[in-house]
Every structure is written in structure tokens, then in C-alpha cells.
Amino acid sequence: MKPFVSIERKRMSSRILIISLLVVFASIFVTSQAADQSKKLSEVFSAADDMAPERIFLAVTAEPATSQAVSWRTRPTSNTLQAQIVASPGGPITEDEATVVKAMVESVVYGDGQTMFHAGVVFENLRPSTRYAYRVGDGKIWSEWNHFRTADDKPVPFRFIYMGDQQNDIKSQWSRVVRDALLKAPDARFIVNAGDLVNDPFDDRLWYEWYDAAGWIFRVIPSILTPGNHDLRSNGADEIWRPQFVLPLNGPSGREELSYFVDYQGVRLISFDGNAFDNEAQLEWLEKTLADNPCAWTIFVTHQPFYSTGSKRDSAERREFIVPLFERYGVDLVLQGHDHTYGRTSKIHTGQIVKPDEPGVVYVSSVSGPKMYKLNRRNRPFMVRMAGYLQLFQVLAVNGDSLSYEAYTADGKLFDAFEIRKTDLGETRLIDRAPKDEHPREEDFYNEDKSRAAK
Ligand SMILES: [Fe+2]
Ligand SMILES: [Fe+2]
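The rules behind each value
Residues numbered from 1 in each chain as written. Chains lettered and ligands numbered in written order. Predicted model: local features only at pLDDT ≥ 70, side-chain atom pairs only at ≥ 80, totals over all residues. Helix = DSSP H or I, 4+ residues; strand = E, 2+ residues; numbered from the N terminus. Buried ≥ 20, exposed ≤ 12 C-beta atoms within 10 Å, placed from the backbone. Contact = placed C-beta atoms within 7 Å. Core = buried A, V, L, I, M, F, W, Y, C linked by C-beta atoms within 7 Å. Domains from an automatic or database assignment. Right-handed = clockwise from strand over helix to strand, strands pointing away. Pairing = 2+ DSSP bridges. Axes fitted to C-alpha atoms, helices over the stretch in contact; angles between N-to-C directions. Parallel < 35°, antiparallel > 145°, perpendicular 65-115°, else oblique. Left-handed = near helix turned anticlockwise from the far one by under 90°. pLDDT = per-residue confidence, 0-100.

Side note on the overall build of the protein chain
Along the protein chain, the regular secondary structure elements total 8 helices and 24 strands. Residues classed as buried in the protein chain amount to 40% of the 455 residues present. Restricting the contact set of the protein chain to residue pairs at least 6 apart, pairs at least 24 apart contribute 70%.

Written out as C-alpha cells, the structure is:
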């Protein structure tokens, strides 16, 4: 037994030596591989930092059942900027099956002097009610694959989100609102944004905050954007708005992408640039767009309200120029921002509150960001719900002859609700479902006497 043991021990010793050597070699190999990997990874990331597409954003097109717009931004430009699209498969995506669309590119000089390149494509000839995967890049460095879904070509029920001004302290204070909106309505087909996206369109830090706050939401749910006064220069110039977004071109000549309309599953949504509310060409275009409307429902989106709820504001001229068109052509609902307060009217016709089943228009202005104004007392008689010092998001549902609306505060509480029902003849009835609580609170109103005393 002994020799055997001794031989075995020798064998064991040599095995241990060999194994130890292998472990040492292996660990040296692994360490050098890891160092190599990390080097390669850091190279990839530094290249990606410069070249990676950022600020990827979907916008609803004029033909949402068969097309989809996407825009993004790059630091250096390239003549190979492009997007790829494929009907979403259940398994891994094969690049060879994707269709390539070459991007349009426009440069923008921001306030800090940096030149950035905004790219965009419109995917066309898509199938209705179909989920697609897309990515954007330069042919070498790509975004992740994202999904979107085309609209149905029939007026089937759907929901969407509507939000007022984001504007200030966007990353810190708006993130929770936009994210909760999506959690409340994960099936939302688009987001209506009533303008004042950022306080200063040339301040690139604010745009960074805006895209970062929404995260991937903007990459998977398209938006309908209406320009606010803060989104354009004070003279109405749009050096950043139009290069940055790919919006419908069916607006008035020379004002495309600022005013436009979208027909989405039985609803005509009209985005109207309220910064130029008295522009004649735009008013002519609006009348034509309202008169020639195949949809059962009409929703008008603009930034500046017709019945202001923000301190010291009024909009008599806007009412004079535009409201008669609403009443002539049967606009159902007007969605607005600008006043940094919440206000929702009863049905109004020719400047008077009317009965729920009489012809009339419901007006809402809301705010989703943290900038807050005091309430305006002037239009209080028109308001069913009114509030200051609340951030809100809204979820709307269209289901055949019913349009329902819910407004939620930033902490997720239902603040306002109503429904409009429509007959085949186009007659409507307003059904109020607003919760009963202490709003509007006296302390939220602008106090004219106090303000005078202070001066
Ligand atoms: Fe505004
Ligand atoms: Fe604003």
C-alpha cells in the first residue's frame, strides 16, 4: 500500500502543480482579457458619446395610420444619418429585413454657441394598427430598437394624454408628472402638448432636462406639439422648433409645423399657433380645416387660453377672432396652457354659459410643470373647476359617441372629470363628473387690493 500511496502523493503533487499553474495562467489571461474588454468598451463609449443619436422623439403625422415621424439630434453630422424600420417580430430583429430611410438634417446654433444637427425621417407606406420597431443612427452607431404603433384606419376607441406648460425646473419637477401620466394611461396613443415646453428655446440645458425627464416615453409614444410663446422667439421666429421636430406640413403656407391638423380614429385635432392668432392666412386655413372635416369629433389645441385663469390675463381679441369659428363649425373641446393654473369651463356659446345639451364649447387650460400663477377672478363665473398651485396631467378617451376627460394632480388624485356625448346629428350633452372639494381656494386668487397696496 505504501509505495502506492507514495506514487499517488507524487502524482497528486504534480497534479496540484499543474492545476495551480493553469489557474495562474488562466487568471493572467482573464485579467488581460478584462483589461482589453474594458479598453474596448471605453473606446466604444467615447465614440458613442460623440456619435450616438440623442433626443429621439416621435411625432404624430397627418396620416397616422400609415406613417410615423421621428427626429433626433447628433453632435457631428454625417451624410449617412438614417433610420431603419421593421414590422416588430416576436423574436430578435434581423437588420437585413429592415427598411432604411435616409434622414433630413438641419443645423441649429444654440445659445452657448454650439452647433447641433437635428435629423428626421417620416416612415411611410406603413400598415394601420401595426406595431413597428425602429432605430436611428449613422449606419454604424445606432440607438436601441424602439416600438411604435400606427393608428387604426377606422374610428375605434382610444385614449390619449394632454399636458400644459412644462417650462421650468423640468427635470426635477416635471419628471414625476409625465411618468405618472404614462402609468395612468399606458395605452395612450399620443401626448397632446399645449406648448411652453421650455422657458428659453435657446437654452440647451432646458432641452436636455425636457428629454431626460420623459426618458424613453418620447421614443415610443408620439406627440402632438403646439408652440407656446416661450417656444419661439418673441418675433415668432422658429429657429429651433421646426428644425428640431418633424411635424405635419398641412398648415397654412409659411406656417407649416406651427399650425396643422391630424385626423386620428374619428377625431380631428387641430394644433393652432396662438402666437399669431390674428394672422389672416392662418385664420383662413382654420376656417377651411373646420369646414372640411370628416371626423365626428373636433378638438382644438392652442397655447394661449380664450378664457384665462391666470392672474391679470384676458383674451378678448382671441375670442373675437376665433370663437365664432368654433361655434359655426361645432368644435367640441379646446385644450390650452399658458396660464400656469387649471381652469375648465362649462359649455359656452356666444359668451354665455349654456345648458348641458345646448350647442357650445368646453375650454380647458392646464399646467404640468412647477411654475405657478395666482388665479384670475375675472372668468370665475365660466369655470366648473379651477385651481392654482397644482401640477396636473389629463387622460382623454374617445369611444364612438362619447368623449371622456379626467384630470389628475401630480399626486395621482382625480381633480376633474366630464364626458361629452354626441348624437348622430352632432348634438352634444355635457355630463359633469368633477369631484366636490374646496377648490378654488380663496388664497389662490390674485388679490388686486393687496397688489395695489404693495405698490
Ligand atoms: Fe405661455
Ligand atoms: Fe408658460
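Digging into the nonpolar core
Counting residues in each nonpolar core, the largest one holds 97 residues, and the members touching the most others are Val70, Val192, Leu269 and Val301. It is helix 3 (residues 204-214) that provides the largest number of residues to this core, a total of 6 residues. Shared between two domains, this core takes at least three residues from each, and those domains are domain 1 (55-149) and domain 2 (158-444).

Considerations on the pairing of strand 15 (residues 333-336)
On any regular strand, side chains alternate: one points to one face of the sheet, the next to the other face. Of the two faces of strand 15, the one holding Leu333 and Leu335 and the one holding Val334 and Gln336 are both buried throughout. A crossover connection joins strand 14 (residues 297-302) to the parallel strand 15 through helix 7 (residues 316-329); in handedness this β-α-β unit is right-handed. Pairing of strand 15 with strand 19 (residues 362-365) involves 4 bridges; the strand directions are parallel. Within strand 19, the position partnered with glutamine 336 by the bridge is serine 365.

Concerning the sheet that holds strand 4 (residues 99-102)
Spatial strand order, 4-3-7-8: 4 strands in an open sheet with antiparallel pairing. Each having just a single partner strand, strand 4 and strand 8 (146-149) make up the two edges of the open sheet. With direction set aside, neighbouring strand axes in the sheet form an average angle of 30°. Bridge analysis of strand 7 (residues 131-137) against strand 8 gives 4 bridges, and the strand direction is antiparallel. Residue pairing across strands places alanine 133 opposite histidine 147, the latter belonging to strand 8.

Quick word on the environment of glycine 113
Turning to its location among the elements, glycine 113 is positioned in the loop between strand 5 (104-109) and strand 6 (115-123). Classification of glycine 113 by C-beta neighbours within 10 Å gives exposed; the count is 6. Taking the C-alpha atoms as reference, glycine 113 lies 9.7 Å from phenylalanine 202; in sequence the two are 89 residues apart.

Here we look at the pairing of strand 5
Summarising the sheet, strand 5 and strand 6 pair through 6 bridges and their orientation is antiparallel. By the bridge assignment, valine 109 is partnered in strand 6 with threonine 115. What sits between the antiparallel neighbours strand 5 and strand 6 is a turn of 5 residues, in which glycine 113 has the positive phi angle 90°.

Some points on the packing of helix 2 (residues 170-184) against helix 3
For any two helices packed against each other, the geometry is given by the interaxial angle and the distance between the axes. Relative orientation of the contacting elements helix 2 and helix 3 amounts to 30°, with a least axis distance of 8 Å. The angle between helix 2 and helix 3 falls in the class roughly parallel. Crossing handedness for the pair helix 2 and helix 3: right-handed. Counting all contacts with helix 2, which are made through Ile170, Lys171, Trp174, Ser175 and Val178, the residues of helix 3 involved are Leu206, Glu209, Trp210, Asp212, Ala213 and Ala214.

Some remarks on the confidence of the model for the protein chain
Should the pLDDT be low somewhere, the predicted coordinates at that spot are not to be read in detail. Confidence in the prediction of the protein chain, expressed as mean pLDDT, is 90, and 87% of residues score 70 or more. A low-confidence stretch, residues 1-14 stays under pLDDT 50, and its non-local contacts, those more than four residues away or across chains, total 0 contacts. Long-range and interchain partners of residues 21-36, a stretch whose pLDDT sits below 50, account for 0 contacts in this model, where long-range means more than four residues apart.

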